[in-house]
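Read off the chains here:
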Amino acid sequence: MDAFLLSRLQFALNISFHILFPTITMAMGWFLFYFKLRSNISGHPVWMRMYRFWVRVFALSFALGVVSGVTMSFQFGTNWPGFMEKVGNVAGPLLGYEVLTAFFLEATFLGIMLFGIRRVPNWLHTASTLIVALGTTTSAFWILALNSWMQTPTGFAIEPMLRNGVPWIVEGEPVYRAVLTDFFGALLNPSSANRITHVWVGAATMGAFFVLSISSYWILRKRHLAVATRSFGLALILGSIGTIGAMLTGDANARMVAVHQPVKLAAMEVTQAIISHLSANSANGLMGNWIKARSLGVENGVDYKHTGSIDSIKIDLIQELLEDGFIPIVPNIGWNTSGKPYNISS
């Protein structure tokens, strides 16, 4: 395995582990705010018991999310330095705001939530719970805005990269980078609303089923019944609504991809068709970067858009796979207007 594949694998494992905890904390933050409001309004002690029980789970999830998120933020630079050098002018502000809302805002008021329940006025403790809930939700907004910009970029311009005031030349060609020209244009790119809404709804759904699972355990054990039964009922309602919402927002996302990323949707459909066909015929297929290709991008100030070229084909590896009975799948090869194939994801 080469460094490129190892970098992808490391980042994939990290983000797959990390995403579990922000989604839980997003939902749990609003659960806690609801419990605190009900406690303030009704005065019934069970709501405060629910708050105290679930705030510990929230704190643990938040801590794990921060730890795994810090390592992932470093990987932007260690695993993808070339990419971040090209788009850092756009990605930097969005990641910076995510750090402000996640680390500074949430961490500050999380301390009041956890340790200030008897040390600060009740209104301040309630407000802190609300701010933490808003912080977790807003944190997701910034990171998803960047993710969406990577899919449907707007609000930027391609300019030469300068070194000591003169264009930076590598192998006789100037190096270009993306420069932010319209902050709100980049923030509210064509796919951001769909993606952000889908993740928010998905987080609510996951958080609801997380609460359902723990509540079910305590109900089966016949312990903490007052807390568990109420939590179960609320989570069941939210989980039911969220499941439907996730399907609707997921469908909206697919329709958005069809409009703004038709080649990507075509690659997804081709991949699914190939896998289904192989499965029906009991054949073994294996995906991989068998072909290394690149888009031409911008050269000498000319934007070549979808034009690309093949750099290399791993013929020996493909031959070895065929001899072992595997069918190499190359789902991400596109064709430009002149008929040349290239690797879309490169």
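Scroll up a little and you will see the structure.
Given the structure is predicted, the values throughout are model-derived calculations rather than measurements. (Residues numbered from 1 in each chain as written. Predicted model: local features only at pLDDT ≥ 70, side-chain atom pairs only at ≥ 80, totals over all residues. Heavy atoms only, no water.)

Novice: What exactly am I supposed to notice about the overall build of the protein chain here?
Specialist: A tally of helices and strands in the protein chain yields 10 helices and 14 strands. Seen along its three principal axes, the alpha-carbon backbone of the protein chain occupies a region of about 70 × 60 × 35 Å. Looking at the 346 residues of the protein chain, the share that counts as buried comes to 36%. Considering only contacts in the protein chain between residues 6 or more positions apart, those separated by 24 or more positions represent 71%. Entry remark: accessible area of the protein chain is about 19,300 Å², with carbon and sulfur atoms responsible for 67%. (Helix = DSSP H or I, 4+ residues; strand = E, 2+ residues; numbered from the N terminus. Buried < 20%, exposed > 50% of the residue type's maximum accessible area, 1.4 Å probe, protein only. Contact = heavy atoms within 4.5 Å. Areas by Shrake-Rupley, 256 points an atom, 1.4 Å probe, with all protein chains shown as cover.)

Novice: Help me understand the packing of helix α1 (residues 3–18) against helix α3 (residues 45–78), please; the structure alone is not making it clear to me.
Specialist: Helix-helix packing is characterised by the crossing angle of the two axes and by the distance between the axes. Packing of α1 against α3 brings their axes to within 9 Å, and their N-to-C directions diverge by 150°. The pairing of α1 with α3 is recorded here as roughly antiparallel in orientation. For the pair α1 and α3, the crossing hand works out as left-handed. Contacts between α1 and α3 involve Gln10, Phe11, Asn14, Ile15, Phe17 and His18 from the former and Gly65, Ser68, Gly69, Thr71, Met72, Gln75 and Phe76 from the latter. In the contact of α1 with α3, the residues fall into five nonpolar, eight polar and no charged. (Axes fitted to C-alpha atoms, helices over the stretch in contact; angles between N-to-C directions. Parallel < 35°, antiparallel > 145°, perpendicular 65-115°, else oblique. Left-handed = near helix turned anticlockwise from the far one by under 90°. Nonpolar A, V, L, I, M, F, W, Y, C, P; charged D, E, K, R; others polar.)

Novice: Help me out: how do you make sense of the packing of α1 against helix α2 (residues 20–42) in this one?
Specialist: The N-to-C vectors of α1 and α2 enclose an angle of 20°; their axes lie 4 Å apart at closest approach. The orientation of α1 relative to α2 falls into the category roughly parallel. Contacts between α1 and α2 pair Ser16, Phe17 and His18 from the former with Leu20, Phe21 and Pro22 from the latter.

Novice: So what exactly am I meant to see when it comes to a positive patch on the surface here?
Specialist: Together, Arg52, Arg56, Arg118 and Arg119 line one region of the surface with positive charge. By the element assignment, arginine 52 lies in helix α3. Arginine 52 gets classed as partly exposed once you look at its relative accessible area, which sits at 31%. (Patch = residues over 30% accessible without salt bridge, like charges linked within 9 Å, V, L, I, M, F, W, Y side chains within 5 Å. Salt bridge = Lys/Arg side-chain N within 4 Å of Asp/Glu carboxyl O. Lys, Arg positive; Asp, Glu negative; His and termini not counted. Charge placed at Lys NZ, Arg CZ, Asp CG, Glu CD.)

Novice: Would you take a moment to explain the nonpolar core for this structure?
Specialist: With 26 residues, the main nonpolar core has Met28, Leu32, Phe35, Tyr51, Trp54, Phe58 and Met113 as its most contacted residues. Of all the secondary-structure elements, those providing two or more residues to this core are α2, α3, α4 (81–115), α7 (192–221) and α8 (225–260). In terms of residue count, α3 provides more of this core than any other element does, 11 residues in total. Dropping the residues within four chain positions of it, tyrosine 51 is found in contact with Leu32, Phe35, Lys36, Met113, His125 and Thr129. If you look at the next biggest cluster of nonpolar residues, it comprises 22 residues, including Phe76, Ala145, Leu146 and Trp149. (Core = buried A, V, L, I, M, F, W, Y, C linked by side-chain atoms within 4.5 Å.)

Novice: I tried to follow empty space enclosed by the protein on my own but got confused; where do I start?
Specialist: The gaps left among the atoms become clear once a water-sized probe is rolled over them. Counted according to the given criterion, the structure contains one cavity of 30 Å³ or more. Taken as a whole, the largest cavity encloses approximately 30 Å³ of empty space. In terms of lining residues, the largest cavity is bounded by Phe53, Trp54, Ser215, Trp218, His224, Val227, Ala228 and Ser231. Counting residues per element, the ones that place at least two in the lining of the largest cavity are α3, α7 and α8. (1 Å grid on protein atoms, 1.4 Å probe; cavity = no way out; pocket = protein on both sides within 12 Å on 5 of 7 lines; lining within 4 Å. Points joined across faces, edges and corners; volume = space filled by probe spheres on them.)

Novice: Hey, could you run me through a nonpolar patch on the surface in this one?
Specialist: Together, Tyr97, Val99, Leu100, Phe103 and Phe104 give the surface a local cluster of nonpolar side chains, amounting to about 430 Å² of exposed area. Locating tyrosine 97 in the fold gives a position in helix α4. We classify tyrosine 97 as partly exposed; its relative accessible area is 38%.

Novice: Help me understand the environment of serine 68, please; the structure alone is not making it clear to me.
Specialist: On the secondary structure map, serine 68 appears in helix α3. Placed 49 residues apart in sequence, serine 68 and isoleucine 19 show a C-alpha to C-alpha distance of 8.9 Å. Setting aside residues up to four positions removed in sequence, serine 68 forms contacts with Asn14, Phe17, His18 and Phe21. Reaching out from serine 68, the side chain makes a polar contact with the backbone oxygen of glycine 65 at a distance of 3.3 Å. (Polar contact = N/O pair within 3.5 Å; in protein donor to acceptor, adjacent residues only side chain to side chain.)

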